[in-house]
There are 2 protein chains.
Amino acid sequence: MKERKVLINISNRHLHLSAEDLEILFGEGAELTNIKDLIQPGQFACDEIVELVGPKGSIPGVRVIGPIRKQTQVEVLIADTYKLGIPIVIRDSGDLKDSPGIKIIGSKGEVELSEGTIVAARHFHLHTTEGAEMGFKDQDRVSIKVGGERGVVYENILVRVADNGKHEFHLDVEEANAGLVKNGDFGVIVE
Amino acid sequence: MKERKVLINISNRHLHLSAEDLEILFGEGAELTNIKDLIQPGQFACDEIVELVGPKGSIPGVRVIGPIRKQTQVEVLIADTYKLGIPIVIRDSGDLKDSPGIKIIGSKGEVELSEGTIVAARHFHLHTTEGAEMGFKDQDRVSIKVGGERGVVYENILVRVADNGKHEFHLDVEEANAGLVKNGDFGVIVE
């Protein structure tokens, strides 16, 4: 069977904002400033950054990713959960019920979230056509291997197939460093 | 075949000091203060901490591990190499030739290393008797799997069998977080 290669991109800690929280953090009428389009269509890195404050510590310089969402979602690394002093809750994007809260400080104000702080579950985006070509459907689970001196097989990866998806395997910084993976490297589907 | 379980322990960034560097950093006649014995016989965490300073940034609070060694060896995370501004050089302990230098600041003085800063290669310690029982010899390579929602197979792990070794698989913090592994968890040898 033909080796099936997968493009890897790495997410650092970041957050998505609701329209209401955007105005509280950055002022009335504030809009997100796109500084770089991301691979997933419509997603972009913003000029706006915030500070996260937990019961034990804080992390400055955390970047906002646009566009606006219905609910604010903060995505941190496991190391960050220790620093902030919050539980490790690994979730798929959007699944925020009963996840830890956090305080967010922007340039114009602050928000105290009651929930919304997650460690994002690793996932593999595909467009519907790409999914059909590769033999995957939405919500499948797959393993992806990277070689080299820190070779790793990432297991239990959620496959997300959608009409607005695009081929891209998302790891966070710690997952990537564990496998000595850099942005734009390739992994291989493990049969 | 019987499932072969492996005890996992996690290393944070740390350093080993030469006798000469110990005196420069902590004063003439300074000795290491054992605050906790580690699993590997004769190894211990020390009360002494230092600051690491690289071309781009610094990291305070880095713990010394005893006993004294012939050559000072600094073991950092991949994330630390970006913060410090030094190349990523993954090495087995003791293999320091042409690895990056670093500045170390102690309570009484500082040392400018010309080499000795590595990201430690993941490795699996065994006593000679344990190695024979598990079917491993020194310098073998093995893969070890952890399950769960962040399931990972760590590949290309160096096996170190020695008369002063003791059963223990060493991961660094980023490798552990990638697999949601905690100190004292178990992995399984992948046949």
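Scroll up to find the structure this text is about.
Bear in mind the structure is a predicted one, so any value in this text is a computation, not a measurement.

Trainee: What should I look at first to understand the overall build of chain A in this one?
Mentor: Broken down by element type, chain A carries 4 helices and 15 strands. The C-alpha extent of chain A, read off along each of the three principal axes, is 55 × 35 × 30 Å. Across the 191 residues of chain A, 53% fall into the buried class. Carbon and sulfur atoms make up 50% of the accessible area of chain A, which totals about 9,000 Å².

Trainee: Any chance you could explain the pairing of strand β8 (residues 102-105) of chain A here in plain terms?
Mentor: A regular strand places its side chains so that they alternate between the two faces of the sheet. All names here are of chain A. Going residue by residue along β8, you find I102 and I104 tucked away on one face and K103 and I105 left uncovered on the opposite face. Relative to β8, strand β4 (residues 44-53) runs antiparallel, the two sharing 3 bridges. The residue of β8 that forms the bridge with E51 is I105. In the sheet, β8 pairs with strand β9 (residues 110-113) via 4 bridges, with the strands oriented antiparallel. Counterpart to I102 in the pairing with β9 is L113. Linking β8 to β9, which pair antiparallel, is a turn of 4 residues.

Trainee: Got a minute to help me understand the interface of chain B and chain A in this structure?
Mentor: Note: interface size is frequently given as the accessible area lost on complex formation between the parts. With 25 residues of chain B at the interface, the matching set in chain A holds 25 residues. A buried area of about 2,200 Å², summed over both sides, lies between chain B and chain A, and 48% of it is on carbon and sulfur atoms. Viewed at the interface, chain A and chain B are joined by 6 salt bridges. Linking K145 of chain A and E155 of chain B is a salt bridge whose minimum nitrogen-to-oxygen distance equals 2.8 Å. Taken together, the links from chain B to chain A amount to 21 residue pairs in polar contact (both at pLDDT 80 or more). Mapped by element, the contributors of at least two residues to the side of chain B that touches chain A are α2 (78-84), β10 (117-120), β13 (152-162) and α4 (173-178) of chain B. Sort the elements by how many residues they give to the side of chain B that touches chain A and β13 of chain B lands first, with 5 residues.

Trainee: Would you explain the pattern of salt bridges in this entry?
Mentor: Residue and element names in this part refer to chain A. Under the defined criterion, the tally for this structure stands at 18 salt bridges over all chains. A salt bridge links R13 to D80; the shortest N-O distance between them is 2.7 Å. Here D80 lies in helix α2 (residues 78-84) and R13 lies in the loop between β1 (5-11) and β2 (14-16), a separation of 67 residues in the sequence. R13 gets classed as partly exposed once you look at its relative accessible area, which sits at 25%. In this structure D80 comes out as buried when scored by relative accessible area, which is 3%. A salt bridge links D140 to K137, with the shortest nitrogen-to-oxygen separation between them at 3.1 Å. Exposure remark for K137: the relative accessible area of 56% places this residue in the exposed category.

What counts and how
- Residues numbered from 1 in each chain as written.
- Chains lettered and ligands numbered in written order.
- Predicted model: local features only at pLDDT ≥ 70, side-chain atom pairs only at ≥ 80, totals over all residues.
- Heavy atoms only, no water.
- Helix = DSSP H or I, 4+ residues; strand = E, 2+ residues; numbered from the N terminus.
- Buried < 20%, exposed > 50% of the residue type's maximum accessible area, 1.4 Å probe, protein only.
- Areas by Shrake-Rupley, 256 points an atom, 1.4 Å probe, with all protein chains shown as cover.
- Pairing = 2+ DSSP bridges.
- Contact = heavy atoms within 4.5 Å.
- Buried area = accessible area lost by both parts, 1.4 Å probe.
- Salt bridge = Lys/Arg side-chain N within 4 Å of Asp/Glu carboxyl O.
- Polar contact = N/O pair within 3.5 Å; in protein donor to acceptor, adjacent residues only side chain to side chain.

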